[in-house]
Amino acid sequence: MVLKGRVWKFGDSISTDLICPGRYFHLRSNLPELAKHVLEDADPEFVKKMSEGDFVVAGNNFGLGSSREHAPTIIKLSGVSAVLAKSFARIFYRNAINVGLPLLECNTDKISEGDELEVDLSTGIIKDKTKGFELRAKPLPRAMLNILKDGGLVAHIQKHKDFKLD
Amino acid sequence: MGKTLAEKILSEKSGQNARAGDIVIAKVDVAAFQDGTGPLGVKQLQKMKISKVKAKTALFFLDHAAPSPRKELSNDHILLREFSRKSGAKLSDIGEGVIHQRLIESFVKPGDVVIGGDSHTCTSGALGAFATGMGSTDVAIGMAMGKTWFRVPDTFRIEVQGQLPPGVFSKDLILYLIGQLGADGATYKALEFGGDGIERLSMASRFVLSNMAVEAGAKVGLIASDRKTREYLKSRGRLKDWRPIAPDKDATYERVIRINAKKLVPQVAFPHTVDNTKPVTRAKGIKVDQVFIGTCTNGRIEDLKIAAKILKNKKRASHTRLIIVPASKNVYLEAMKLGLLEIFVRAGAIIMGPGCGPCVGVHQGVLGDGEVCLSTANRNFKGRMGNPKGFIYLASPATAAYSAIRGKISDPREIFKKRPRKKG
Ligand code: SF4
């Protein structure tokens, strides 16, 4: 599957508190409303500026902090097609795959805000159309690829009635 | 070839020879949710038409919004109460305490596999349990099926030698270590704490280390189950839950980090990341608007005792609010029995009901614009206490209590110098 969109660039250490602030705790059972505040404490204008299909591109340790699955869930709900970062925090990584939000681990230094990207999820090849270069993301571990392919963990379990990881 | 604690427990629970890097499916002994992550978990189970749980111990804790400050959260509580009643899961209602404190007090045993819908589930690792935080869907499915999958982590052995000097605590040790490792320095790894410096620590001090393992990115923070573990479980009326569990002498570690406890000084994590740690001497004099003593990191009776020792017959600075939150009902009762609550109230503190209190910005002490909070919690991320314009510093209960009196960040060694401290 090939995704196309524009880049919104963030720095290192984007925590789940920045993605999904604790002060909106009361909206956790109202995901569409919560999604209106996605990444608000990292960039208050993000939701207004972005369009369906765009990419979030960040530095190291994206998603560190709490285990709240609401963080990847509202990134997906807001219309972001994938997150690219130099590295991801562990719980966030697993949550994103479970809810079907694609993540790509690669060196994001050369990608700038506003660049047009083309991302092929099956090969992990990222093309920066604006600057004309190509990157390859680290492949997903097989267990996670299997879950992502089934459309997330709930779908995976419904399909196999068990974990089917290799 | 020998095994690390992580490999040992996961081998036992998966029935496989689990080695770092392997993918295993392990039995889940304890699966737990709190009120922020539980509702999404329950909805996933309802979507799958699952109404019964299979994990040996399944629990829901109402602690983050306790009591609820808004109708939306009250409705989430209703959902969790109803689901636990019908599914066979236990409910720990408001007033019982923070998930991790309740798990160690009453539910987790050495050798258990524990999954929790909360990143600080790693706290239970100090009991020698493989305890890790996960998202709502993972915990829901683990709770329903009584098993989950893991990638067996590589281990960093943290070898601690010697005794902490007076005025320096395990909170300072873990803040120092996180400063050295960085917030992602141990991502996907297990931390395994050991050495005579760990053996001599009380369980209360050990829980602080395991609690904050995730702040270096780690999956678990493990400590062998020994004599101290036995004493702790015995004191909780759970002697039969004890068994020794230790890593093999010839276990393979990805890294060994040695720390000389004798050389440590009190640490402060500066805003807005936990790894932004500095010796307290570099923070001295920073004016503090609010001091918060509590949480799953440092809201235990031992922490309150230290705070009370410092606050006895003293008053908080007039410009500094002091909020104290016992981590559980048991801690609250004990503090009451020992007369600590009176010391706190006389010192000008406000004492809240057991729970997370202001830790995550839901209620009970949200910061104003530009305000500084010195907290004994585990996280100081921007926005964490409800306002992205607030500034959170992290330190030990001793540093926090002393700073509350002085109204600015202060070095607790100034008071501990005067009297020798007991071991541990
Ligand atoms: S006390 Fe703070 S860190 Fe601990 S579980 Fe509650 S919100 Fe999380």
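Scroll up for the structure.
Residues numbered from 1 in each chain as written. Chains lettered and ligands numbered in written order. Predicted model: local features only at pLDDT ≥ 70, side-chain atom pairs only at ≥ 80, totals over all residues. Heavy atoms only, no water.

## Topic: the site of the ligand
Residue and element names in this part refer to chain B.
Here comes step 1: Surveying the vicinity of the ligand reveals the residues H64, V98, H100, D118, H120, T295, C296, C356, C359, V360, N378 and R384.
Here comes step 2: According to the grid-proximity analysis, the pocket containing the ligand is the largest cavity.
Here comes step 3: Split by domain, the shell around the ligand shows at least three residues from each of two domains, domain 1 (25–151) and domain 3 (267–414). (Near = heavy atom within 4 Å. 1 Å grid on protein atoms, 1.4 Å probe; cavity = no way out; pocket = protein on both sides within 12 Å on 5 of 7 lines; lining within 4 Å. Sits in = over half its atoms within 2 Å of the grid points. Domains from an automatic or database assignment.)

## Comments concerning empty space enclosed by the protein
Here comes step 1: On inspection of all chains with the given rule, the structure shows two cavities of 30 Å³ or more.
Here comes step 2: By volume, the largest cavity is sized at about 200 Å³.
Here comes step 3: If you trace the largest cavity, you find 20 residues lining it, with Q34, H64, D118, H120 and R384 of chain B closest to the centre.
Here comes step 4: Its residues assigned to classes, the lining of the largest cavity comprises five nonpolar, 10 polar and five charged.
Here comes step 5: In terms of domain composition, the lining of the largest cavity takes at least three residues from each of domain 1 (25–151) and domain 3 (267–414) of chain B.
Here comes step 6: Lining of the second largest cavity is provided by 15 residues; of these, L64, G65 and A89 of chain A together with V214 and G217 of chain B occupy positions nearest its centre.
Here comes step 7: In terms of residue class, the lining of the second largest cavity is built from seven nonpolar, five polar and three charged. (Points joined across faces, edges and corners; volume = space filled by probe spheres on them. Nonpolar A, V, L, I, M, F, W, Y, C, P; charged D, E, K, R; others polar.)

## Looking at the pattern of salt bridges
Here comes step 1: A complete count under the given rule lists 38 salt bridges over all chains for this structure.
Here comes step 2: A salt bridge links D17 of chain A to R68 of chain A, with the shortest nitrogen-to-oxygen separation between them at 3.2 Å. With D17 of chain A in helix α1 (residues 16–19) and R68 of chain A in the loop between β2 (55–58) and α4 (70–77), the pair connects residues that are 51 residues apart, well separated along the chain. The residues D17 of chain A and R68 of chain A share a single accessibility class, namely buried.
Here comes step 3: When salt bridges that share partners are traced, they join D17 and R68 of chain A together with R384 of chain B into one network. (Salt bridge = Lys/Arg side-chain N within 4 Å of Asp/Glu carboxyl O. Helix = DSSP H or I, 4+ residues; strand = E, 2+ residues; numbered from the N terminus. Buried < 20%, exposed > 50% of the residue type's maximum accessible area, 1.4 Å probe, protein only.)

## A word on the nonpolar core
Side chains of nonpolar character tend, in soluble globular proteins, to be buried together.
Here comes step 1: Grouped together as the largest cluster of nonpolar side chains are 80 residues, with contacts concentrated most on I19, F46, F62, I75 and F92 of chain A together with F130 and F150 of chain B.
Here comes step 2: Element by element, the count of residues in this core is highest for helix α5 (residues 136–145) of chain B, at six residues.
Here comes step 3: Sequence-distant contacts of F130 of chain B, that is, excluding residues within four places in its chain, are made with A6, I9, L10, D112, V113, V114, F150, P153, K219, V220 and L222 of chain B.
Here comes step 4: Counting residues in hydrophobic clusters, the runner-up holds 66 residues, among them A131, V160, I178 and V208 of chain B. (Core = buried A, V, L, I, M, F, W, Y, C linked by side-chain atoms within 4.5 Å. Contact = heavy atoms within 4.5 Å.)

## Observations concerning the sheet that holds strand β4 (residues 90–92) of chain B
Residues and elements named next belong to chain B.
Here comes step 1: Ordered in space as β4-β3-β2-β5-β6, the five strands form an open sheet in which the pairing is parallel. Looking at strand neighbours, the two that pair on one side only are β4 and β6 (130–133), the edges of this open sheet. Between one strand and the next, the sheet's axes are offset by a mean angle of 20 degrees, whatever the strand orientation.
Here comes step 2: Across five bridges, strand β2 (residues 30–34) lies against strand β3 (residues 57–61) in parallel orientation. Bridge assignment links V30 to a residue of β3, and that residue is T57.
Here comes step 3: Of the strands in this sheet, β2, β3 and β4 touch helix α4 (residues 99–106), which is tilted by about 150 degrees from β2.
Here comes step 4: Sitting on the sheet, α5 is in contact with β2, β3 and β5 (113–117), with an inclination near 140 degrees to β2. (Pairing = 2+ DSSP bridges. Axes fitted to C-alpha atoms, helices over the stretch in contact; angles between N-to-C directions.)

## Some words on the environment of K171 of chain B
All names here are of chain B.
Here comes step 1: Among the structural elements, K171 can be located in helix α6 (residues 170–181).
Here comes step 2: When the C-alpha atoms of K171 and N298 are compared, they prove to be 8.2 Å apart, with 127 residues separating the residues in sequence.
Here comes step 3: Residues contacting K171, with those up to four places away along its chain left out, are V208, M212, T297, N298, T376, A377, A395 and S396.
Here comes step 4: Looking at K171, its side chain comes within polar contact range of the side chain of N298, at 2.9 Å. (Polar contact = N/O pair within 3.5 Å; in protein donor to acceptor, adjacent residues only side chain to side chain.)

## Regarding the packing of aromatic side chains
Here comes step 1: On inspection of all chains with the given rule, the structure shows 14 aromatic pairs over all chains.
Here comes step 2: Judged by centre distance (6.3 Å) and plane angle (90 degrees), the ring pair of Y93 of chain A and Y188 of chain B falls under edge-to-face. With Y93 of chain A in helix α5 (residues 90–99) and Y188 of chain B in the loop between α6 and β9 (190–194), this residue pair bridges two chains.
Here comes step 3: You can call Y93 of chain A buried: its relative accessible area is 7%. (Phe/Tyr/Trp six-rings, centres within 6.5 Å; stacked < 30°, edge-to-face > 60°.)

## A look at the interface of chain B and chain A
Here comes step 1: Every contact between the two is made by 49 residues of chain B and, on the other side, 38 residues of chain A.
Here comes step 2: With both chains or domains summed, chain B and chain A bury close to 3,800 Å², and 61% of this area falls on carbon and sulfur atoms.
Here comes step 3: Area buried by chain B at its contact with chain A is led by L40, W149 and Y188 of chain B, which between them contribute 16% of it.
Here comes step 4: At the junction of chain B with chain A, the criterion picks out three salt bridges.
Here comes step 5: Its salt-bridge partner being D138 of chain B, residue R94 of chain A comes within 2.9 Å of it at the nearest N-O pair.
Here comes step 6: At the junction of chain B and chain A, the tally comes to 18 residue pairs in polar contact (both at pLDDT 80 or more). (Buried area = accessible area lost by both parts, 1.4 Å probe.)

## Regarding helix α7 (residues 153–160) of chain A
Residue and element names in this part refer to chain A.
Here comes step 1: Taken residue by residue, α7 has L153, V154, H156 and I157 as its buried positions. Buried residues of α7 fall within an arc of 160 degrees about the axis and therefore sit on the same side.
Here comes step 2: Remark: K161 follows α7 within two positions and exhibits a positive phi of approximately 60 degrees. (Arc of directions from axis to C-beta.)

## Things to note about the pairing of β9 of chain B
Residue and element names in this part refer to chain B.
Here comes step 1: The element β9 is extensively covered by neighbouring structure, given that five of its five residues are classed as buried.
Here comes step 2: Residues A190, E192 and G194 point to one face of β9 and L191 and F193 to the other, with burial holding for every one of them.
Here comes step 3: In this sheet, β9 lies alongside strand β8 (residues 155–161) in parallel orientation, the contact comprising five bridges. Across the sheet, residue R157 finds its bridge partner in β9, namely E192.
Here comes step 4: For the crossover from β8 across α6 to β9, the handedness is right-handed.
Here comes step 5: Two strands pair when backbone bridges link them, and β9 and strand β10 (residues 220–223) are joined in this way by four bridges, in the parallel orientation. The partner of A190 across the bridge, within β10, is V220. (Right-handed = clockwise from strand over helix to strand, strands pointing away.)

## Focus on helix α8 (residues 203–211) of chain B
Here comes step 1: Counting buried positions along α8 of chain B yields nine of nine residues, so the element is predominantly enclosed.
Here comes step 2: By the burial criterion, the buried members of α8 of chain B are M203, A204, S205, R206, F207, V208, L209, S210 and N211 of chain B.

## Describing the packing of helix α2 (residues 38–47) of chain B against α5 of chain B
Residues and elements named next belong to chain B.
Here comes step 1: At a minimum axis separation of 8 Å, α2 and α5 run at an interaxial angle of 55 degrees. Our classification of the angle between α2 and α5 gives oblique. Like other packed secondary-structure pairs, α2 and α5 cross with a definite hand, here right-handed. Contacts from L40, G41, Q44 and L45 in α2 reach S136, T137, A140 and A144 in α5.
Here comes step 2: For the contact of α2 with α5, the per-class residue count stands at four nonpolar, four polar and no charged. (Parallel < 35°, antiparallel > 145°, perpendicular 65-115°, else oblique. Left-handed = near helix turned anticlockwise from the far one by under 90°.)

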